[in-house]
Amino acid sequence: MEIEFKEYQLRCQLRGHEDDVRGICVCGGESIATSSRDRTVRFWTLDPSDKRKFLSSKILLGHSSFVGPLAWISPNEEFPEGGIVSGGMDTMVLVWDLRTGEKVQTLKGHQIQVTGLLLDNKDIVSSSVDCTLRRWRNGQTVESWEAHKAAIQAVVKLPSGELVSGSSDTTLKLWKGSTCIHTFVGHTDTVRGLAVMPELGILSASHDGSIRLWAISGELLMEMVGHTSIVYSVDSHVSGLVVSGSEDRFAKIWKDGVCVQSIEHPGCIWDIKFLENGDIVTACSDGVVRIWTTNLTSIADPVELEAYGSVLSQYKLSRKRVGGLKLEELPGLEALRIPVFDVDIGDGEPIRKLPYNRSDNPYDAADKWLLRENLPLAYRQQIVEFILQNTGQKDFSLDPSFRDPYTGSSAYTPGEPSYNSANSAKPLFKHIPKKGMLIFDAAQFDKMLKKIIELNSALLSDPDKKNLSLTELEISRLGVIIKILNDTSHYHSSSFADVDIALLLKLLKSWPLAMIFPVIDILRMIILHPDGASKLLKHVENENDVLVEMVKRVTTDPALPPNLLTSIRAITNLFKNSPYQNWLQKHRSDIIDAFSNCVSSPNKNLQLSYSTLLLNYAVLLIEKKDEEGQSHVLSAALQFAEEENAEVDSKYRALVAIGSLVSSYNLFFNAQFAR
């Protein structure tokens with residue numbers, strides 16, 4: 001007979017953490033441990049005066065950064081009242097004795113954030129963003145292996161003893177010892193959370209918004225879809241219910257693959273767990289732990305229920321304003337749905353993509369698109385009519401105040417009289433003059449960090465250079481830097497600490513010359529991050545100009561190709577930031593001359609990087625009307641064009657630089673003659 005589902009309601013709220021609650025651990029039948037971004041672990045026990053509620057009985061302090069995964073050590077001879085294992089952003093795994101509330105072991109070995117923990121008999125198993133799984137016994141690593149090629153986000157143990165790991169590489173892996181016996185493929189994004197489904201298999205939660213149930217054989221048994229954002233966590237109960245927590249602020253309860261209830265929260269849900277009695281515990285970004293129940297005798301008082309409803313209402317109201325603007329007054333979703341049209345201009349040219357938003361002026365859109373595609377402005381009216389036809393704007397009327405952003409005149413309107421300009425149209429060429437800067441933004445962040453860790457190990461093993469090696473805390477900070485750089489979707493809001501930039505510059509200055517190329521490569525990407533570029537600028541504008549010193553160091557004999565390649569690309573990326581353009585103009589002569597030998601280098605990547613540097617300089621100096629600088633770049637680019645062994649793409653960029661510079665000279669001459 002099928003058991004009737006009863007809706008969950010708020011039982012109690014556990015307040016005490018001062019920042020996001022990140023992890024939950026169910027400790028036996030009547031206790032809970034929680035971890036937080038506030039660097040603490042809290043242990044909660046039932047309130048003897050009100051069995052619906054929990055009290056914070058211990059606060060465990062020891063991590064130097066936010067705490068994530070937790071594991072429960074059942075009471076034994078060593079831990080009469082049980083123990084807690086915690087993992088943190090600080091790369092540490094700490095073991096706590098709940099009888100004293102003291103830290104009894106510090107397990108050091110991971111290079112980056114610890115993401116998962118479990119107990120395997122008396123062993124501790126941990127997972128990390130450093131791509132490894134580690135087995136600890138009596139405070140020491142007894143086994144460590146690279147389990148995935150990307151960050152590991154979770155690990156669980158099956159009743160049969162095997163381990164399962166989930167990773168940012170989108171897969172799950174089944175392990176017998178350190179041997180992978182199966183890889184589960186199906187998710188399209190990071191696997192963030194795992195849980196065992198009794199007698200059925202393994203549950204996985206993913207950034208792709210889904211929860212999947214897998215048989216141990218690897219067969220996909222069920223997919224649960226309903227969340228509208230990242231699913232951070234999942235858990236199951238012996239009753240057959242499944243629960244999930246998401247960035248979308250909802251805890252969802254699933255029965256037979258169907259969502260039977262959604263519980264809204266005033267923030268994202270980082271973790272979610274079932275208690276033995278079927279109650280649900282949620283960890284929220286508002287710093288509050290909440291317990292939900294179907295037991296009518298355990299539901300919170302009406303006053304607390306009403307207060308929670310008020311918190312939700314206030315939270316949703318606060319989200320309706322962005323920067324003082326009411327969201328309801330902003331354009332709807334339709335304004336964000338920008339159609340992209342295929343435009344066939346004939347003449348053997350490839351199909352071009354034309355993006356257009358209905359709120360745009362079609363003449364303005366046509367002009368910008370033609371210029372971006374290096375097409376003649378003679379196509380303008382055809383493009384406008386094409387836009388109007390494909391967007392259904394038959395009755396479009398031109399704003400009388402509209403002025404062409406490039407000519408300053410009104411747009412041509414069919415049926416209206418035309419007026420010939422006194423100035424004849426200037427010829428428009430396809431590739432010149434070059435507009436905009438080129439950058440090197442492709443990066444393998446995991447490999448950067450892995451290389452630095454490898455080089456650091458070499459320093460540690462050399463008695464004469466051991467003093468140059470990084471501390472574990474410094475390696476942890478590098479992991480944080482890499483994580484920020486890798487999260488490009490938050491470049492507008494993420495930031496670096498001053499010590500992060502100082503750490504990179506210290507390595508740039510103190511590490512052996514043959515070891516600094518991955519450090520320069522990280523700086524290359526720092527330059528493309530708004531806050532990173534801003535903080536680095538402080539070290540460029542003072543008398544100890546770190547970039548000038550870097551160029552001098554990497555180009556002094558012996559000049560090593562990896563250093564030359566990464567430093568040229570880093571300098572090239574500076575062109576994208578206007579605050580650096582005066583610096584680039586000021587040091588133009590030294591920079592171009594320092595790297596000039598790259599023209600004849602047998603390394604094709606070096607050639608391409610140097611030719612890109614010259615092309616960016618051509619664009620900048622034309623804009624700055626720096627005639628002396630233009631002559632210098634023209635000379636360097638001509639040297640490239642004359643080089644017999646120059647790689648094709650490199651020579652092409654040099655020729656575009658030459659064409660742009662010559663074109664600017666002609667325009668300047670014509671302007672002077674017209675006077």
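Rules of the game
- Residues numbered from 1 in each chain as written.
- Predicted model: local features only at pLDDT ≥ 70, side-chain atom pairs only at ≥ 80, totals over all residues.
- Heavy atoms only, no water.
- Helix = DSSP H or I, 4+ residues; strand = E, 2+ residues; numbered from the N terminus.
- Buried < 20%, exposed > 50% of the residue type's maximum accessible area, 1.4 Å probe, protein only.
- Core = buried A, V, L, I, M, F, W, Y, C linked by side-chain atoms within 4.5 Å.
- Contact = heavy atoms within 4.5 Å.
- Expected span 1.5 Å × (residues − 1).
- Polar contact = N/O pair within 3.5 Å; in protein donor to acceptor, adjacent residues only side chain to side chain.
- Pairing = 2+ DSSP bridges.
- Axes fitted to C-alpha atoms, helices over the stretch in contact; angles between N-to-C directions.
- UniProt positions renumbered as here; feature names shortened; annotations may be inferred.
- Salt bridge = Lys/Arg side-chain N within 4 Å of Asp/Glu carboxyl O.

> Give a detailed account of the overall build of the chain, specifying residues and quantitative values.
Looking only at helices and strands, one finds 15 helices and 32 strands in the chain. By residue count, 50% of the 675 residues in the chain fall in the buried class.

> So, the nonpolar core: which residues are in play, and what are the values?
One recurring pattern in soluble globular proteins: nonpolar side chains tend to sit buried together. F595 and Y610 are the most contacted members of the largest nonpolar core, which has 84 residues in total. Here the element with the most residues in this core is helix α13 (residues 604-624); it accounts for 10 residues. Residues within four places of Y610 in sequence aside, it is in contact with I568, I592, F595, S596, C598, V599, A636 and F640. Formed by 15 residues, the second largest nonpolar core is a distinct cluster that contains I253, I280, W292 and L312.

> Quick one: what's the story with helix α14 (residues 627-642), residue by residue and with numbers?
Given 3.6 residues per helical turn, the α-helix brings residues three or four places apart onto the same face. The first and last C-alpha atoms of α14 sit 22 Å apart over 16 residues, in line with the 22 Å expected at 1.5 Å per residue. The opening residue of α14, the one whose side-chain oxygen lies 3.4 Å from the backbone nitrogen of E628, is D626.

> Hey, could you go over the sheet that holds strand β3 (residues 31-36) for me, with residue numbers and the actual values?
Read from one edge to the other, the open sheet built from four strands follows the order β2-β3-β4-β5, with strand pairing classed as antiparallel. In this open sheet, the two strands that pair with only one neighbour each are β2 (21-27) and β5 (54-61). Adjacent strand axes in the sheet meet at a mean angle of 25 degrees when their direction is disregarded.

> Give a description of the sheet that holds strand β6 (residues 67-73) that names residues and reports values.
A sheet is described by the order of its strands in space; here four strands give the open sequence β6-β7-β8-β9, paired in antiparallel fashion. Looking at strand neighbours, the two that pair on one side only are β6 and β9 (102-107), the edges of this open sheet. With direction set aside, neighbouring strand axes in the sheet form an average angle of 25 degrees.

> Can you tell me about the UniProt feature "repeat: WD" (unreviewed entry) in the chain, naming the residues and giving the values?
Look at the UniProt record and you will see "repeat: WD" (unreviewed entry) annotated at residues 14-54, 84-106, 145-176, 184-214 and 224-255. With 0% helix and 65% strand, residues 84-106 has end C-alpha atoms that lie 12 Å from one another. In the segment residues 184-214, helix accounts for 0% and strand for 61%; the C-alpha atoms at its two ends are 8 Å apart.

> Before we move on, can you summarise the pattern of salt bridges with the specific residues and values?
All told, the structure shown has 24 salt bridges when counted by the stated rule. Notably, a salt bridge pairs R249 with E264, separated by 3.0 Å at the nearest N-O pair. Of this pair, R249 sits in the loop between β23 (242-246) and β24 (250-255) while E264 sits in strand β25 (residues 258-264), and the two are 15 residues apart along the sequence. E264 matches R249 in its accessibility class, with the two residues each being buried. Because the salt bridges share partners, they merge into one network encompassing D120, D123, R135, R137, E143 and K157.

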